[in-house]
Every structure is written in C-alpha cells, then in structure tokens.
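The primary structure of each chain is shown beneath.
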Amino acid sequence: QKEVEQNSGPLSVPEGAIASLNCTYSDRGSQSFFWYRQYSGKSPELIMFIYSNGDKEDGRFTAQLNKASQYVSLLIRDSQPSDSATYLCAGDTGNQFYFGTGTSLTVIP
Amino acid sequence: DGGITQSPKYLFRKEGQNVTLSCEQNLNHDAMYWYRQDPGQGLRLIYYSQIVNDFQKGDIAEGYSVSREKKESFPLTVTSAQKNPTAFYLCASSIGSGWTDTQYFGPGTRLTVL
C-alpha cells in the first residue's frame, strides 16, 4: 500500500477556473503535508505546507487537511496557463517523507 | 545567492562504471537527502543525512553510497551494482533534522546509462 496516493490525472481546467487536486495518506500518525509544483524536466518547488486540520490560504492557493478522513487537497483559484505542471503531495510518517506520484494539471487558455 | 546546486545537469554512464553526483548547499541546513524520480513513480528516498558524518539508508539504497564529510556537501555515488540507474536524481536539504521540516530541492541530475 502506498503511503501517499494521488490521482495521476491528467486534470484539465479552463483558464480562470478553480483546480482541485487531491491526495490521500495511509499513516494516521502523519503530521505534516507539503504540496510541490514540478514543471517538466525541472525539480519540485514548494507551494505550501499544512500541519493543522482545516484550510490554509496563500494567495491563489488553499491547502485543506482533513485528518479524520486522511486526505489533503490543494485548490488553485483563478488558474493560469503558467500553473500547468505536475503537483506532488508529500506527507511525513515520522521517520521519512513519502511523495505521491503527482497529478498532472493543464490549464487551457 | 543561497541555494542548492547539483552537478552535472546531465550525466551519461557506461554499464559497469561508478559515477558520483555532486550536491552542495549554502543554506546552512543540517539535513540533506537524495531522491530518485522515475516516470510515474514519484520520488523515492535513497539516503539521508541529519548531521555531518552520519547518514541512513532510505527505501532504495541498494547500489548507492554517500558520504557527509562537510555540512555543505552530500555526494551520491551510483555504483555498478545498481541494476537500473537511469533516472532523475534530486538532492534536497532542510533546516532541521525533523521530518516535518520543509525540504528544498536542487535542480537535479539526469543520469542515463548507455
């Protein structure tokens, strides 16, 4: 069983729409979760992290954590073509990070 | 500029050869990590180091070796024992040694075995 799972997509949304990316995790003891964006051929770059249940907003991005249901989501408002990338979810298991396989997002102009 | 550098960007290796990938950081981070990324498989942890002169194996350490003689440097050697070394290799670092500390990535090295 994978520690962190994501739908690989591809997910396509029109420009200006809200993109919703989801991630589930198996370890109930996981405390911290991270969303990274990875453009093709490049390394992952951090978008945001979340530790507490609920929502955390940073500009156009909102991370949501629901520990009871063991899922993490990332919402991207007013999606732009430059948001087209693969989004990686990562969670800790207490002794290391586990990364999901990533969800490919395409924002259509 | 503070950051993480990896070299080379592209590396080609013949079967049976050992190669060493460089990773340097000037962020004064304590912890450093090596990941491997294959298409459709996400990132997998090879080795990590939380302090100088100490490192631990990750999930896929077989066929790899590392050293941590300086805080700034964490080179990875891909040995001939690694059966399928062609992949994108990512080095990361974090300020602390806890697994809740944010990891920041270098630009990566793409290794191809000919």
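Residues numbered from 1 in each chain as written. Chains lettered and ligands numbered in written order. Predicted model: local features only at pLDDT ≥ 70, side-chain atom pairs only at ≥ 80, totals over all residues. Heavy atoms only, no water.

Q: In this structure, what is going on with the overall build of chain B? I would like to understand it.
A: Helix and strand content of chain B: 0 helices and 11 strands. Reading chain B from its N end, one meets helices and strands in the order β-β-β-β-β-β-β-β-β-β-β. In terms of overall dimensions, chain B is globule-like: its C-alpha atoms have a radius of gyration of 13 Å, near the 13 Å expected for 114 residues. Viewed in the frame of its principal axes, chain B has a C-alpha envelope of about 35 × 30 × 30 Å. When each of the 114 residues of chain B is scored for burial, the buried share is 49%. Considering only residue pairs separated by 6 or more positions, chain B has 54% of its internal contacts joining residues 24 or more positions apart. Total accessible area on chain B is roughly 5,400 Å²; 47% of this is exposed by carbon and sulfur atoms. Both charge centroids of chain B, one from 11 positive and one from 11 negative side chains, sit 8 Å from each other. (Helix = DSSP H or I, 4+ residues; strand = E, 2+ residues; numbered from the N terminus. Rg over C-alpha atoms; globule rule 2.2 N^0.38 Å. Buried < 20%, exposed > 50% of the residue type's maximum accessible area, 1.4 Å probe, protein only. Contact = heavy atoms within 4.5 Å. Areas by Shrake-Rupley, 256 points an atom, 1.4 Å probe, with all protein chains shown as cover. Lys, Arg positive; Asp, Glu negative; His and termini not counted. Charge placed at Lys NZ, Arg CZ, Asp CG, Glu CD.)

Q: In this structure, what is going on with the side chain of Arg68 of chain B? I would like to understand it.
A: Residue and element names in this part refer to chain B. Tracing the backbone through its elements, the reader meets Arg68 in the loop between strand E7 (64-66) and strand E8 (76-78). Here Arg68 is buried and forms no salt bridge, its nearest opposite-charge partner Asp30 lying at an N-O distance of 6.1 Å. A distance of 3.3 Å separates the side chain of Arg68 from the backbone oxygen of Lys70, its partner in a polar contact. Engagement of the side chain of Arg68 in a polar contact is seen with the backbone oxygen of Lys71, the distance being 2.8 Å. (Salt bridge = Lys/Arg side-chain N within 4 Å of Asp/Glu carboxyl O. Polar contact = N/O pair within 3.5 Å; in protein donor to acceptor, adjacent residues only side chain to side chain.)

Q: What exactly am I supposed to notice about the layout of surface pockets here?
A: To locate leftover empty space, one rolls a probe as large as a water molecule over the atoms. Reported here for the largest pocket is a volume of approximately 450 Å³. Lining the largest pocket are 25 residues, with Gln38 of chain A together with Gln37, Asp38, Pro39 and Gly40 of chain B positioned closest to its centre. Contributing elements (two or more residues each) for the lining of the largest pocket: strand E9 (85-92) and strand E11 (103-108) of chain A together with strand E4 (31-38), strand E9 (87-94) and strand E11 (109-113) of chain B. In terms of residue class, the lining of the largest pocket is built from 7 nonpolar, 15 polar and 3 charged. Taken as a whole, the second largest pocket encloses approximately 210 Å³ of empty space. Looking at the second largest pocket, it is lined by 14 residues, and the ones nearest its centre are Tyr98 and Phe99 of chain A together with Gln41, Leu43 and Arg44 of chain B. For the lining of the second largest pocket, the secondary structure elements donating two or more residues are strand E10 (97-99) of chain A together with strand E5 (42-51) of chain B. (1 Å grid on protein atoms, 1.4 Å probe; cavity = no way out; pocket = protein on both sides within 12 Å on 5 of 7 lines; lining within 4 Å. Points joined across faces, edges and corners; volume = space filled by probe spheres on them. Nonpolar A, V, L, I, M, F, W, Y, C, P; charged D, E, K, R; others polar.)

Q: Any chance you could explain the interface of chain B and chain A here in plain terms?
A: Interfaces are frequently sized by the accessible area removed from exposure as the parts join. Listed by partner, the interface residues are 21 residues for chain B and 22 residues for chain A. Note on chain B versus chain A: buried area summed over both sides is about 1,600 Å², and carbon and sulfur give 56% of it. The interface formed by chain B and chain A contains 0 salt bridges. Viewed at the interface, chain A and chain B are joined by 6 residue pairs in polar contact (both at pLDDT 80 or more). Mapped onto the side of chain B that touches chain A, the elements with two or more residues apiece are E4, E5, E9 and strand E10 (104-105) of chain B. The greatest single-element share of the side of chain B that touches chain A, amounting to 4 residues, is contributed by E5 of chain B. Its residues assigned to classes, the side of chain B that touches chain A shows 10 nonpolar, 8 polar and 3 charged. (Buried area = accessible area lost by both parts, 1.4 Å probe.)

Q: Could you clarify how one ought to interpret the sheet that holds strand E6 (residues 54-58) of chain A in this entry?
A: Strand-to-strand pairing in sheets goes through backbone hydrogen bonds, with the strands running parallel or antiparallel. Residue and element names in this part refer to chain A. Strand order across the open sheet formed by 5 strands is E1-E3-E8-E7-E6, with antiparallel pairing between neighbours. Here the strands that pair on one side only, and so sit at the sheet edges, are strand E1 (4-6) and E6. The mean inter-strand angle of the sheet, taken between neighbouring strand axes irrespective of direction, is 20°. The pairing of strand E7 (residues 61-66) with strand E8 (residues 71-76) spans 6 bridges and is antiparallel. The residue bridging Ala63 from the neighbouring strand is Leu74, located in E8. (Pairing = 2+ DSSP bridges. Axes fitted to C-alpha atoms, helices over the stretch in contact; angles between N-to-C directions.)

Q: Help me understand the side chain of Asp92 of chain A, please; the structure alone is not making it clear to me.
A: Residue placement: Asp92 of chain A occurs in strand E9. No salt bridge is formed by the buried Asp92 of chain A. Its closest oppositely charged neighbour is Lys67 of chain A, at 7.9 Å. Discounting residues that sit within four places of it in the chain, Asp92 of chain A has contacts with Ser30, Gln31, Ser32 and Phe97 of chain A together with Trp99 and Thr100 of chain B.

Q: Explain the sheet that holds E7 of chain B to me, please; I cannot follow it from the model alone.
A: Residues and elements named next belong to chain B. Taken together, the 4 strands give an open sheet; going across it, the order is E1-E3-E8-E7, and neighbouring strands pair in antiparallel fashion. Whereas interior strands pair on both sides, the edge strands pair on one side only; in this sheet they are strand E1 (4-7) and E7. For this sheet the average axis-to-axis angle between neighbouring strands, irrespective of direction, equals 20°. Examined bridge by bridge, strand E3 (residues 19-25) and E8 share 3 bridges and lie antiparallel to one another. Bridge assignment links Thr20 to a residue of E8, and that residue is Thr77.

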